Amino acid sequence: MTEHHRNSVPPTISQVAQAAGVGRATVARTLGGYGSVSAATRDRVMRAAKELGYRPNAVARSMTTGETKTVGLVLADVGNPYFAGVLKAFTDTVHRHGYDVLVLSTEEDLAKEADAVGVLVDKQVDGLVLASAASRNAPPPHLELVRARGIPMVLVDRLFDSVDIDTVVINNREAAREAVSELIGSGHRRIGFVWGPVTVEPATSLPEMDEVIARSLSSDGERLRGYLDALEKAGIDFDTSLVTHVLKNEHQATRAVIGMLSLADPPTAIFATESDALVGAIRALRQMGLSYPEDVSLIGFDDSSWATIMSPPLSMVSQPLEQLGRLTADCLLERIKGTAASSTTHVLEATFMPRASVAKPRGR
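Now for a description of the structure that goes with this document.

1. Focus on helix α11 (residues 218–234)
Working step 1: Here α11 contains 17 residues, and its C-alpha end-to-end distance of 24 Å stays within 8% of the 24 Å for a straight helix at 1.5 Å per residue.
Working step 2: For α11, every residue scored as buried is listed here: Ser218, Ser219, Asp220, Gly221, Glu222, Arg223, Leu224, Gly226, Tyr227, Leu228, Ala230 and Leu231.
Working step 3: Contact partners of the buried residues in α11: α9 (172–185), β6 (191–194), α10 (206–214) and β8 (297–301).
Working step 4: Gly235 occupies a position one or two residues after α11 and carries a positive phi of about 75 degrees.

Spelled out as structure tokens, the structure:
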């Protein structure tokens, strides 16, 4: 046997036991995290395992303890700074409790989401977190698959009206209402909303818009309701031409905002509900030779460091990403441990960050 081949063979639990001077059962209890082991013995076993480069067999451990010490996270878009922030706080929290995290991104595609949930169920994860692409009034069938397998689950960012599952969201409606009210308070009455819920046929009236909201993602719908609340309170008529219904990407946002700004009575302010929507709005202004806030005031959602270094800095709605991720992890860990009570919807508050991207409309 060559030296290379000998070194490539992973150490066994028996070798760890021999190096630590204890029995195999003691090593198994120590590395598996079950049973009673003294602190001194635990230190000796862990030191021997580290020196030998021993890694526990997850499958064998799960057969012994009934746990895989892994949790799954199914997110709409891990490239989105919002989800990236939630993911970091979530992962940091569960890692401290000895769990590994499997992360799958669905690109807001329900078929991909169902496949991702199926993969994690097959992996026998100890718990699962889901940011679903399904509309709030139509919970997807794969929720029942998770329940049928007895896997603890927590929903994040999106909720369902008729599902009894722990959920962690922000108060999207109030956050949007406050942001739009800031624009109204500065004298704006023509305010564009980017993005509205994605539809094939845009709503042409308030009743139709209510139907669209009922079929949309809860976060999308609640932000649009907040926009409508602010208009109604100020006595401003709703204009469907100022709400986009396009696919959610920067290119579509740019086209939609150019279309708004080309209207006979264009908006004097824009409220963008996600980072890509805001970037698209800024790109549209530049393409049309306009600037903010001189020509059009801007407020965005999902505050970040880049918003503060823009010239001028952007007024933003800031979501508590660390708190969202940490609370989601805490809820899931309680479910896994069996210490949670009845399911709860946790609603966290966002914070409006006023900066220099809002001014009075021209001529006011």
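2. Re the sheet that holds strand β1 (residues 70–75)
Working step 1: Taken together, the six strands give an open sheet; going across it, the order is β2-β1-β3-β4-β5-β10, and neighbouring strands pair in parallel fashion. Every interior strand has two partners, whereas the edge strands, β2 (100–105) and β10 (345–348), have only one. Within the sheet, the average angular offset between the axes of one strand and its neighbour, ignoring direction, is 15 degrees.
Working step 2: Note: strand β3 (residues 127–130) against strand β4 (residues 153–156), three bridges, orientation parallel.

3. Let's talk about the sheet that holds strand β7 (residues 269–272)
Two strands in a sheet stick together by hydrogen bonds in their backbones, pointing the same way (parallel) or opposite ways (antiparallel).
Working step 1: Strand order in the open sheet formed by five strands is β6-β7-β8-β9-β11, and the pairing between neighbours is mixed. Lying at the two open borders of the sheet, with one neighbouring strand each, are β6 and β11 (351–353). This sheet shows a mean twist of 15 degrees between the axes of neighbouring strands, independent of strand direction.
Working step 2: Where β7 lies against β8, three bridges are found, and the strand directions are parallel. Each residue of the ladder has a partner; that of Ile270, found in β8, is Leu298.
Working step 3: The strands touched by helix α12 (residues 250–261) within the sheet are β6 and β7, with β6 carrying the most contacts at an inclination of about 165 degrees.

Thresholds, definitions, all that
- Residues numbered from 1 in each chain as written.
- Predicted model: local features only at pLDDT ≥ 70, side-chain atom pairs only at ≥ 80, totals over all residues.
- Heavy atoms only, no water.
- Helix = DSSP H or I, 4+ residues; strand = E, 2+ residues; numbered from the N terminus.
- Expected span 1.5 Å × (residues − 1).
- Buried < 20%, exposed > 50% of the residue type's maximum accessible area, 1.4 Å probe, protein only.
- Contact = heavy atoms within 4.5 Å.
- Pairing = 2+ DSSP bridges.
- Axes fitted to C-alpha atoms, helices over the stretch in contact; angles between N-to-C directions.

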